[in-house]
Structure formats: C-alpha cells, structure tokens
Amino acid sequence: MEKLILDQTFKGENYTISRLPRAEYENCIFERCDFSKGYLDNQIFLECEFIDCNLSNVNLVNTTFKEVKFSHCKLMGLAFHTCNSFLMDFSFYDCNLNFSIFTELKLIGQVFKACNLSEADFSDCDLSNAKFVDCNLERTIFSRTNLQKADFSTATHFNIDLENNMVKGAIFSSDMLEGLLHKYKLKILK
C-alpha cells in the first residue's frame, strides 16, 4: 500500500538527485521545486498544485494526475501519454510545454492558458471543447485529432490540416486563418 501524504507544502526542494518519495499526494502544494530529468513515475497526485516548478524531461510512466494545477511551470519534453489516463484531469497556466507528448489522450475540455506549446504532439487526441487561450502553437502537431468545438480564437502560430482533423464547431479568429490554409500555400492579404 502506498503512503498517503495530505495537505503538505513543499518549497524549494531539489528532486533531481534524490527522488520524491513514492506516495499518494493529496491536496499538496509544490512550489519552486526542481524535478528536472528525475522520476515521478508511479506517483499519485490528487488535487495538488505545482507552482513555478521545473518538471522538464521527468519520467511520468503510470503517474496519476487528478485535479492537478500547473502554474508558471517548465514542463518541456514530458511524455503525458505514458501517464495513467484514468480520471486524468489537469490544468495549465503560463507553462512551457514545448516538445511535450499528449498522443492518444482524452483531454475533453482541457484548458491551456498563456502556455507555450511549441512542437507539442496532440496526434490522435480528443481535444473536443478544449481551450487554447493566448497559447503559442508553433509547429505543434495536430494529426487525426478531435478538435470539435475547441477554442483557438486567441491562439497563435498554429497549423491545422482541416482534412486530417475533426474541426466541426471549432472557434478561430479571422486574423489567424492562415494557420488553417497553410498547406495550400495561399497568400492571405490583410
């Protein structure tokens, strides 16, 4: 049985050499902690918050995130598709998610706010009703992705192939239509 850790705050901890003890963390706050290139595999996080943490290139195999908030975090190169997808629920605010992999996940209604998602991979995802608020989606991969009713109205630098994704009801700004027509090599005048 996993150890249960409740209502604790971890500030300024360095878990790059010695790992965070394996446990079920509930209602915990991790602030300014460095997990980069470390191990969070087989951990359980319920109703936790990560603030200004570095989790870049962390091993997330079979990790559970339920009602977890990430704010001002560096999350580069994370393989979210290796997490335990059962009841997966997280939110991202002002995070760097460059090169992260979300393939084949059900992220219905997922909210990304003010995030950098350059070269992230959302292939075969269900992102229906997702919101990309003020996000940079440069070279982000959307392939066979369900983007129905997703909101891209304030997103920038996206390139979405309308023939290779489900986009019915998706919301886009007229200023960013070139991101939908890129493959046709059209010149869009403003």
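Details of the structure are given in the entry above.
Throughout what follows, the structure given in this document is the object of discussion. (Residues numbered from 1 in each chain as written. Predicted model: local features only at pLDDT ≥ 70, side-chain atom pairs only at ≥ 80, totals over all residues. Heavy atoms only, no water.)

Okay, the pattern of salt bridges next. Opposite charge on two side chains makes pairing possible when the charged atoms of those side chains draw close. If you walk through the whole model with that rule in mind, you get eight salt bridges. Arginine 19 is the salt-bridge partner of aspartate 41, the closest N and O atoms lying 2.9 Å from each other. Pair noted here: aspartate 41 is in the loop between β4 (29-31) and β5 (44-46) and arginine 19 is in the loop between β2 (9-11) and β3 (23-26), with a separation of 22 residues, a long-range link. Taking relative accessible area as the criterion, aspartate 41 reaches 12% and is therefore assigned buried. In this structure, aspartate 124 and arginine 144 form a salt bridge, with 2.9 Å as the shortest nitrogen-oxygen distance. Placement of aspartate 124 in the loop between β9 (111-113) and β10 (131-133) and of arginine 144 in the loop between β10 and α1 (178-181) is noted, with a sequence separation of 20 residues between them. Put simply, Lys11, Glu31 and Arg32 are held in one network by salt bridges that share partners. (Salt bridge = Lys/Arg side-chain N within 4 Å of Asp/Glu carboxyl O. Helix = DSSP H or I, 4+ residues; strand = E, 2+ residues; numbered from the N terminus. Buried < 20%, exposed > 50% of the residue type's maximum accessible area, 1.4 Å probe, protein only.)

The next thing to look at is the environment of phenylalanine 142. The topology assignment puts phenylalanine 142 in the loop between β10 and α1. When its relative accessible area of 6% is taken as the criterion, phenylalanine 142 is described as buried. When the C-alpha atoms of phenylalanine 142 and alanine 120 are compared, they prove to be 8.9 Å apart, with 22 residues separating the residues in sequence.

This part covers the packing of aromatic side chains. Per the stated rule, a full pass over the model turns up 33 aromatic pairs. Centroid distance tyrosine 25 to phenylalanine 30: 5.7 Å. Interplanar angle 70°. Geometry classified as edge-to-face. Judged by relative accessible area, which is 1%, tyrosine 25 ranks as buried. Judged by relative accessible area, phenylalanine 30 falls into the buried class, the value being 0%. With 6.0 Å between their ring centres and 65° between their planes, phenylalanine 35 and phenylalanine 50 make a pair best called edge-to-face. (Phe/Tyr/Trp six-rings, centres within 6.5 Å; stacked < 30°, edge-to-face > 60°.)

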